[in-house]
Amino acid sequence: VESVVSAVMRVIGAAEVAAAFPMAAAVDVTEKALVALSVGTAVQPVRTVLPLPLPKPQIGFLATMPAHYTGDDGEAICGVKTITVFPGNAGTARSAHQGTVNLFDSRDQGVLLAVVDAHEVTAIRTAAASAVATRHLARADASSLAILGTGVQALRHVEAMLVVRPITNVRVWGRSSANAAKAVATLQAAYPGLAFTQSDTVEEAVAGVDIVCTLTGATEPILCRKWLSPGCHVNAVGACTPRHRELDYDCVSKLLWVDTRAACLKEPGDIVRPMQEGKSVVVMGEIGDVVCGNCRGRESADEVTVFKSVGAAVEDLFAAHHIYKTLRD
């Protein structure tokens, strides 16, 4: 049996991912992925997460995220992201998310096309998904932004929000004041034309702003809906397990959209924990349904809209395919 792996497969590192997947392109690619998931041309199961036996207080997981897509033109691809998640790596030389996205051509004998760095893909497409939701749920004139969190996603989310809205000023809050100050300095250097300020509290950070992005590892709510101004849009990103939670119940009790309904009803504490307490959480729909007109989005300037994301394998699949084709061509 002839092996085609060595002749066809391409190994794509982080630098190539960054060059081939700029944020503006990532937002459009991610939007297509989320639409494909919602209409059924892309299929994925809820991710499999294996807790690793580590000495306390360390926490670690091995996660696998497969997906398949068949296009109208007969194009068919499949892939799987395999990553380790070590939250304790935050702030060190090691990423909290390490792994690969394996991309296959599922039409042509299952050929392995590429092995792509998953850290860089995840970092970009996570913020891109928030930008898709912001494009379709935030007010068109939204110009002020609150970033809650000081990790990798703080910088990525500013970059992503700038793709879809005319952001002029940004407030940054972090549980560590020193880390928040560093984040403000980094962001100001990256975007000298914007005004960045550090906030001492979450309430101060979100007061009067148009868009809020929650990007923390919080295990109890940090954001209360009563602090949000009419017309605000929230991208809730940080909580991806039942243990983690960033939003109070009022934030998810109405006008809530998600990236993937199946995963969001199982994984994030923002939704799972209120449901376990017997409270009603009504998901309006997936953001892909909003994009293609199968679900309502914002209907008035005063509505407070919330988008909860946990990450979708189809985002990684579409990202890897776009990167592969860009570098190949």
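All residue numbers refer to position in the chain's written sequence, counted from 1. Restriction of local features to residues with pLDDT of at least 70 applies here, the model being predicted, together with a cutoff of 80 or more for giving and counting side-chain atom pairs; totals for whole chains, interfaces and linings are based on all residues. To get the side-chain values, take all heavy atoms of the structure and skip hydrogens and water.

**Quick word on the overall build of the protein chain**
Next, step 1: Each helix is a run of H or I in the DSSP string that is no shorter than four residues. Each strand is a run of E no shorter than two, and both are numbered from the N terminus. Along its length, the protein chain carries 12 helices and 15 strands.
Next, step 2: Values of the radius of gyration come from C-alpha atoms, whereas the globule rule sets the reference at 2.2 Å times the count of residues to the power 0.38. What you see for the protein chain is a C-alpha radius of gyration of 19 Å, in line with the 20 Å of a compact globule of 329 residues.
Next, step 3: Considering only C-alpha atoms, the protein chain reaches an extent of 65 × 45 × 45 Å along its principal axes.
Next, step 4: Relative accessibility decides the category of a residue: with a 1.4 Å probe and only protein chains considered, values under 20% of the type maximum give buried, values over 50% give exposed, and everything between is partly exposed. Per-residue burial for the protein chain yields a buried fraction of 51% across its 329 residues.
Next, step 5: Partitioning the contacts of the protein chain with sequence separation of at least 6, the portion at a separation of at least 24 is 71%.
Next, step 6: Note on areas: Shrake-Rupley, 1.4 Å probe, and residue coverage restricted to the protein chains presented here. When the accessible surface of the protein chain is summed, it comes to about 13,900 Å², and 55% of that surface belongs to carbon and sulfur atoms.
Next, step 7: Separation of charge centres in the protein chain, based on 29 positive and 33 negative side chains, amounts to 5 Å. Every residue pair with non-hydrogen atoms within 4.5 Å of one another is taken to be in contact. His is not counted, nor are the chain ends; Lys and Arg add positive charge and Asp and Glu add negative charge. In this description, the location of a charge corresponds to atom NZ of lysine, CZ of arginine, CG of aspartate or CD of glutamate.

**Topic: the sheet that holds strand 15 (residues 305-308)**
Next, step 1: Strand order in the open sheet made by the eight strands is 10-9-8-11-12-15-13-14, with parallel pairing throughout. The open sheet has two free edges, formed respectively by strand 10 (195-198) and strand 14 (283-286), since each of these has just one partner strand. Recorded for the sheet is a direction-independent mean angle of 20 degrees between the axes of neighbouring strands.
Next, step 2: Pairing analysis gives four bridges linking strand 9 (residues 169-173) to strand 10, with the strands arranged parallel. Looking at the pairing, Val172 lines up with Gln198 of strand 10.
Next, step 3: In this analysis an axis means a line fitted to C-alpha atoms, helices contributing only their contacting stretch, and an angle means the value between N-to-C directions, from 0 to 180 degrees. Along the sheet, helix 6 (residues 177-190) contacts strand 9 and strand 10; its crossing angle with strand 10, the most-contacted strand, is approximately 175 degrees. The rule for pairing is simple: two strands pair if DSSP sees at least two bridges between them.

**Looking at the environment of Lys308**
Next, step 1: Its place among the elements puts Lys308 in strand 15.
Next, step 2: If sequence neighbours within four positions are ignored, Lys308 has contacts with Ala236, Val237, Gly238, Ala239, Leu256, Trp257, Val258, Asp259, Cys264, Pro268, Asp270 and Ile271.
Next, step 3: At a separation of 3.4 Å, a polar atom in the side chain of Lys308 contacts the side chain of Asp270. Within 3.5 Å is the distance limit for a polar contact, defined as a pair of N or O atoms, with the added protein rule that one can donate a hydrogen and the other accept it, and that residues adjacent in sequence qualify only through two side-chain atoms.

**Brief notes about helix 10 (residues 269-276)**
Next, step 1: Counting buried residues along helix 10, six of its eight residues qualify, which places the element largely inside the surrounding structure.
Next, step 2: Buried residues of helix 10: Gly269, Asp270, Ile271, Val272, Arg273 and Pro274, and no others.
Next, step 3: For helix 10, the elements touching its buried residues are strand 12 (233-236), helix 8 (249-252), strand 13 (256-258), helix 9 (261-264) and strand 15.
Next, step 4: Gly278 sits one or two positions beyond helix 10 and adopts a positive phi of about 85 degrees.

**Here's the deal with unusual backbone geometry**
The bulk of non-glycine residues show a negative phi, and the bulk of peptide bonds are trans.
Next, step 1: Residue Pro57 is bonded to the preceding Lys56 through a cis peptide linkage, with omega at 10 degrees.
Next, step 2: Along the polypeptide, Pro57 turns up in the loop between strand 3 (48-51) and strand 4 (61-70).
Next, step 3: A positive phi is found at Leu255, a non-glycine position, where the angle reads about 50 degrees.
Next, step 4: Inspection of the secondary structure assignment puts Leu255 in the loop between helix 8 and strand 13.
Next, step 5: Taking relative accessible area as the criterion, Leu255 reaches 13% and is therefore assigned buried.

**Comments concerning the environment of Ser38**
Next, step 1: Residue placement: Ser38 occurs in helix 3 (residues 23-39).
Next, step 2: Take Ser38: its relative accessible area is 18%, and that puts it in the buried class.
Next, step 3: Taking the C-alpha atoms as reference points, Ser38 and Gly110, separated by 72 residues in sequence, lie 25 Å from one another.
Next, step 4: Not counting the four nearest positions on each side in its chain, Ser38 is found in contact with Glu286, Gly288 and Asp289.

**Examining the packing of helix 3 against helix 5 (residues 152-164)**
Geometry of a packed helix pair, given as the angle between the helix axes and the separation of the axes.
Next, step 1: One way to put it is that helix 3 packs onto helix 5 with a least axis distance of 9 Å and a crossing angle of 75 degrees. Taken together, the axis directions place helix 3 and helix 5 in an arrangement best described as roughly perpendicular. Every residue of helix 5 that contacts helix 3 at Met23, Ala24 and Val27 is listed here: Arg156, Glu159, Ala160, Val163 and Val164.
Next, step 2: Residues of the contact of helix 3 with helix 5, tallied by class, amount to six nonpolar, no polar and two charged. Angle categories: roughly parallel below 35 degrees, roughly antiparallel above 145, roughly perpendicular from 65 to 115, and oblique for all the rest. Think of it as three bins: nonpolar holds Ala, Val, Leu, Ile, Met, Phe, Trp, Tyr, Cys and Pro, charged holds Asp, Glu, Lys and Arg, and polar takes everything else, Gly as well.

**Focus: the pattern of salt bridges**
Next, step 1: By definition, a salt bridge exists where a carboxyl oxygen of Asp or Glu is found within 4 Å of a side-chain nitrogen of Lys or Arg. Scanning all chains against the criterion turns up 17 salt bridges.
Next, step 2: Between Arg47 and Glu267 there is a salt bridge; the shortest N-O distance is 2.9 Å. Separated by 220 residues along the polypeptide, Arg47 in the loop between strand 2 (42-43) and strand 3 and Glu267 in the loop between helix 9 and helix 10 bring together distant segments of the chain. In terms of burial, Arg47 and Glu267 fall into one category: buried.
Next, step 3: Overlapping salt bridges bring together Lys81, Arg125, Glu315 and Asp316 as one network.

**What about the side chain of Arg47?**
Next, step 1: Arg47 sits in the buried class, given a relative accessible area of 18%.
Next, step 2: A distance of 3.4 Å separates the side chain of Arg47 from the backbone oxygen of Gly311, its partner in a polar contact.
Next, step 3: With residues near it in sequence (within four places) discarded, Arg47 still touches Thr64, Met65, Glu267, Val310 and Gly311.

**Overview of the environment of Val27**
Next, step 1: Looking at the secondary structure, you find Val27 in helix 3.
Next, step 2: In this structure Val27 comes out as buried when scored by relative accessible area, which is 0%.
Next, step 3: For the pair Val27 and Val283, spaced 256 residues apart in the sequence, the C-alpha separation amounts to 23 Å.
Next, step 4: Filtering out sequence-adjacent residues up to four positions away, Val27 remains in contact with Ala128, Ala131, Val132, Arg135, Val163 and Val164.

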